[in-house]
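The chain contents come next:
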Amino acid sequence: MTDSKGRPRRGRGPIVRPGTLRPPEGRALRADAAAGITVAAYLVPQVLAYAGLARVPPEAGLWAAFAALAVYFVIGSSPQLSVGPESTTALMTGAALATITTPGDSAQDTAALLALAVGAVCLLAWAGGLAFLSDLLSKPVLVGYMAGIAGLMILSQAARGTGADVPDGDPLAEAWWVVQHPSAIHGPTLAVCLGTLAVLLLGARWWPTGPVPLVGMLAATAAVALAGLSDEGVTVVGDLSFGLPEVGLPALSSLGSWALLTTALAIAVVGFTDNVIDARAFAARHGDRIDARRELLALGASNLAAGLVHGIPVSSSGSRTAIVDAVGGRSRWAGLSTLGAALVLVVALRPVLARFPDAALAAVVVYAGLRLIDVREFTRIARYRRAELLIALATTFGVLVLGVLQGVLVAVSLSLVDVFRRVARPHDAVEGLVPDLAGMHDVDDYDDAVAVPGLLVYRYDAPLFFANAENFLSRVRDSVAAYDPEWVLLNFEAMGEVDLTGADALETLRAELEEQGVVLAIARLKQDPRDVLQPSGVLDRIGAEHIFPTLPTALEAFRAATGRE
């Protein structure tokens, strides 16, 4: 199969075109419908639980889910991604509402305003072409961050899951208070929570593609009703005032809050990262392509829609997307099917939803949190590189101890520091000849590699800039001292960028070698660094006769100039 220009098309499936809304046919449409119905059964109890996590009424979470599903169907680029309230954004929203809700405003108004702010941040980033930022978080940081979020989710259910009257505080403090005051735990409430959690874990093991949360919630609801546990103090959701939403702007008195704006920025970063990673992970299985910029636009529009219906910030759900994939959903029509099925479910089962026990909803949150901890990835990271495991664990620790917002900053900072460390202290090589192998290679990679007598071929595997200029000089000096060459030939193939500090370092090296009677030469200098270096004059001082297009031409010139073989 070829593209419009006759080139081979990569991947096993079709290229996703975000503007295509034509429904699939036959079996594919039936698979999308089945996936949507299955996800709806999972979504409703999950969203009710996340609404509690965000400290807003249940209907705020439901309408946010419905609005986000509708908007993403029109704008999104992923054929499978399930959007709506999600554990991380719900937790961040709840943490923020505890501090930024203005007296006189409801928590739901503040959450809706936060959703609008998240949408605005995403749209500004989309207009500014900032979609590339999704590539800045390394895999260890993301794995560690999600584990930290999972820990906070679990700890945050200490009060709902135990029935204890816990003083307000951060999740770690609330959980520690429960540990210190075991007498405050309400036995029947804890039993409902643990029983529901056991049903969820066993159900996920034996029925991985089924509506396990809904089954668990219905079982818990029936158990509470039959045993009369409501009379024993086990609380339930209560009547859902689920009608048409009040569409419009919420109260804007918190708009100027610095905490709201920074929270919106953090949620936008985390939400967009989740969107792109989840979308790409599932797209890779089927040869689809994801447009990161379009995802940023879809996330912004979905949050604006959620805010206008007085909902909460939204993102993508990896667990719901996994269900779409497992049941066979392959287009965005699965998301539209989810919307329709969830609406029917809420309308038909509203009296049942009102009897859902709070402790069972806490179990759903704990269950979702446990599924976010990817032990296999931690193991894989540990086997790959110990430094990256330390980054993952440090990120988890930062989120748990410092909090969600600060944890985001820790994650971003660690990711950037890791990149900066690699570039500031890169690999380098002295290159030589290997018998029966064309080209020149790192002498440390081959036992029989031999450096050319009198010629030091040196390769620095990073851009040459202010952070590594001194390191570059130090390593070249050490190599010169070790090999005592007549020529130093810099292999520039990996040095795609050179800033002013790097150019000055190159001139310093040239001057030092000239004093020692050593010739400095360059090979494989690309056009971009050549254009940057030209105004500095260092290339003129090196001399055009010592600048070569390839290593073989440089080697030939060295032998001709020195008479060495």
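Right above here is the structure, for reference.
The structure reproduced in this document is the subject of the present report.

Here is what the cut-offs are and how they apply
- Residues numbered from 1 in each chain as written.
- Predicted model: local features only at pLDDT ≥ 70, side-chain atom pairs only at ≥ 80, totals over all residues.
- Heavy atoms only, no water.
- Helix = DSSP H or I, 4+ residues; strand = E, 2+ residues; numbered from the N terminus.
- Buried < 20%, exposed > 50% of the residue type's maximum accessible area, 1.4 Å probe, protein only.
- Contact = heavy atoms within 4.5 Å.
- Areas by Shrake-Rupley, 256 points an atom, 1.4 Å probe, with all protein chains shown as cover.
- Pairing = 2+ DSSP bridges.
- Axes fitted to C-alpha atoms, helices over the stretch in contact; angles between N-to-C directions.
- Patch = residues over 30% accessible without salt bridge, like charges linked within 9 Å, V, L, I, M, F, W, Y side chains within 5 Å.
- Salt bridge = Lys/Arg side-chain N within 4 Å of Asp/Glu carboxyl O.
- Right-handed = clockwise from strand over helix to strand, strands pointing away.
- Core = buried A, V, L, I, M, F, W, Y, C linked by side-chain atoms within 4.5 Å.
- Parallel < 35°, antiparallel > 145°, perpendicular 65-115°, else oblique.
- Left-handed = near helix turned anticlockwise from the far one by under 90°.
- Nonpolar A, V, L, I, M, F, W, Y, C, P; charged D, E, K, R; others polar.
- Phe/Tyr/Trp six-rings, centres within 6.5 Å; stacked < 30°, edge-to-face > 60°.
- Lys NZ or Arg CZ within 6 Å of the ring centre and 35° of its normal.

### Notes on the overall build of the chain
Moving on, step 1. The helix and strand inventory of the chain stands at 23 helices and eight strands.
Moving on, step 2. Taking the principal axes of its C-alpha atoms as reference, the chain extends roughly 100 × 60 × 50 Å.
Moving on, step 3. Expressed as a percentage of its 565 residues, the buried residues of the chain come to 52%.
Moving on, step 4. Considering only contacts in the chain between residues 6 or more positions apart, those separated by 24 or more positions represent 79%.
Moving on, step 5. Of the roughly 25,600 Å² that the chain leaves accessible, carbon and sulfur atoms contribute 61%.

### A short note on the sheet that holds strand β4 (residues 437-442)
Moving on, step 1. Spatial strand order, β4-β3-β5-β6-β7-β8: six strands in an open sheet with mixed pairing. The open sheet has two edge strands with one neighbour each: β4 and β8 (547-548).
Moving on, step 2. Here two bridges tie strand β7 (residues 519-523) to β8, and the two strands are oriented parallel to one another. Residue pairing in the sheet places I522 in a bridge with I547 of β8.
Moving on, step 3. Taken strand by strand, helix α19 (residues 469-483) contacts β3 (428-434), β5 (455-460) and β6 (487-491), and its axis lies near 155° from that of β5.
Moving on, step 4. Relative to the sheet, helix α20 (residues 500-515) contacts β6 and β7, its axis offset from that of β7 by approximately 140°.

### Quick word on a nonpolar patch on the surface
Moving on, step 1. On the surface, L172, F397, V401 and L402 cluster together into a nonpolar patch covering about 390 Å² of accessible area.
Moving on, step 2. Looking at the nonpolar patch element by element, the count peaks at three residues for helix α17 (residues 386-402).

### Notes on the pairing of β7
Moving on, step 1. Of all five residues making up β7, four are buried, and the element is well covered by its neighbours.
Moving on, step 2. For the crossover from β6 across α20 to β7, the handedness is right-handed.

### A few points about the nonpolar core
Moving on, step 1. Core analysis: the biggest nonpolar cluster contains 106 residues, and V44, V56, Y145 and M153 have the highest contact counts within it.
Moving on, step 2. When residues of this core are assigned to their parent elements, the largest contribution, 13 residues, is made by helix α1 (residues 26-53).
Moving on, step 3. Counting 33 residues, the second-largest nonpolar core is a separate cluster that includes L490, L525, L539 and I547.

### Thoughts on the environment of P182
Moving on, step 1. Inspection of the secondary structure assignment puts P182 in the loop between α7 (171-180) and α8 (187-206).
Moving on, step 2. Taking the C-alpha atoms as reference points, P182 and A164, 18 residues apart in sequence, are found 8.8 Å from one another.

### Overview of the pattern of salt bridges
Moving on, step 1. The full count for this structure, using the stated rule, is twelve salt bridges.
Moving on, step 2. In this structure, E431 engages R459 in a salt bridge whose closest nitrogen and oxygen atoms are separated by 2.6 Å. Of this pair, E431 sits in strand β3 while R459 sits in strand β5, and the two are 28 residues apart along the sequence.
Moving on, step 3. The buried category is assigned to R459, whose relative accessible area is 14%.
Moving on, step 4. One salt bridge in this structure joins R510 and E507, with 2.8 Å as the shortest N-O distance. On the criterion of helical spacing, the pair formed by R510 and E507 is a turn pair, its members being three residues apart in helix α20. Of the two residues examined, R510 and E507, each falls in the buried class.
Moving on, step 5. Here the residues in one salt-bridge network are E507, R510, E514 and R541, joined through shared partners.

### A look at the pairing of β3
Moving on, step 1. Burial of β3 is extensive: five of the seven residues sit out of reach of the surface.
Moving on, step 2. By the bridge criterion, four bridges tie β3 to β5 in an arrangement that is antiparallel. Bridge pairing links V430 to Y458 in β5.
Moving on, step 3. Where β3 lies against β4, four bridges are found, and the strand directions are antiparallel. Its bridge partner lying in β4, E431 is registered against D442.
Moving on, step 4. The turn linking β3 back onto β4 is made up of two residues, and D436 within it adopts a positive phi angle of 65°.

### Structural notes on the packing of α8 against helix α15 (residues 358-372)
Moving on, step 1. At a closest axis distance of 8 Å, the pairing of α8 and α15 adopts a crossing angle of 40°. It follows from the interaxial angle that α8 and α15 lie oblique. Considering only the axes of α8 and α15, their crossing is right-handed. For the pair α8 and α15, the contacting residues are T189, V192, C193, T196, L197, L200, L201 and A204 in the first and A359, A360, A362, A363, V364, V366, Y367, L370 and R371 in the second.
Moving on, step 2. Tallied by class, residues from the contact of α8 with α15 come to 14 nonpolar, two polar and one charged.

### Topic: the environment of L464
Moving on, step 1. Structurally, the position occupied by L464 is in the loop between β5 and α19.
Moving on, step 2. Each C-alpha atom, one on L464 and one on H546, is 20 Å from the other, the two residues being 82 residues apart in sequence.
Moving on, step 3. Once residues lying within four places of it in the same chain are set aside, the contact partners of L464 are A469, F472, M495, E497, V498, D499 and G502.

### A closer look at the packing of aromatic side chains
Moving on, step 1. Counted by the stated rule, this structure contains ten aromatic pairs.
Moving on, step 2. Judged by centre distance (5.5 Å) and plane angle (90°), the rings of W63 and F66 are edge-to-face. Taken together, the residues span about one helical turn, with W63 and F66 both in helix α2 (residues 58-75) at a distance of three residues.
Moving on, step 3. Exposure remark for F66: the relative accessible area of 3% places this residue in the buried category.
Moving on, step 4. Each ring, one from Y460 and one from F472, has its centre 5.3 Å from the other, and the planes form 70°; the classification is edge-to-face. Here Y460, found in strand β5, pairs with F472, found in helix α19; they are twelve residues apart in sequence, far enough to count as distant. Neither residue differs from the other here; Y460 and F472 are each classed as buried.
Moving on, step 5. An aromatic cluster of three or more residues is present, and its members are F420, F465 and F466.
Moving on, step 6. Over the ring of W206 we find R205, and its NZ or CZ is 5.7 Å from the ring centre.

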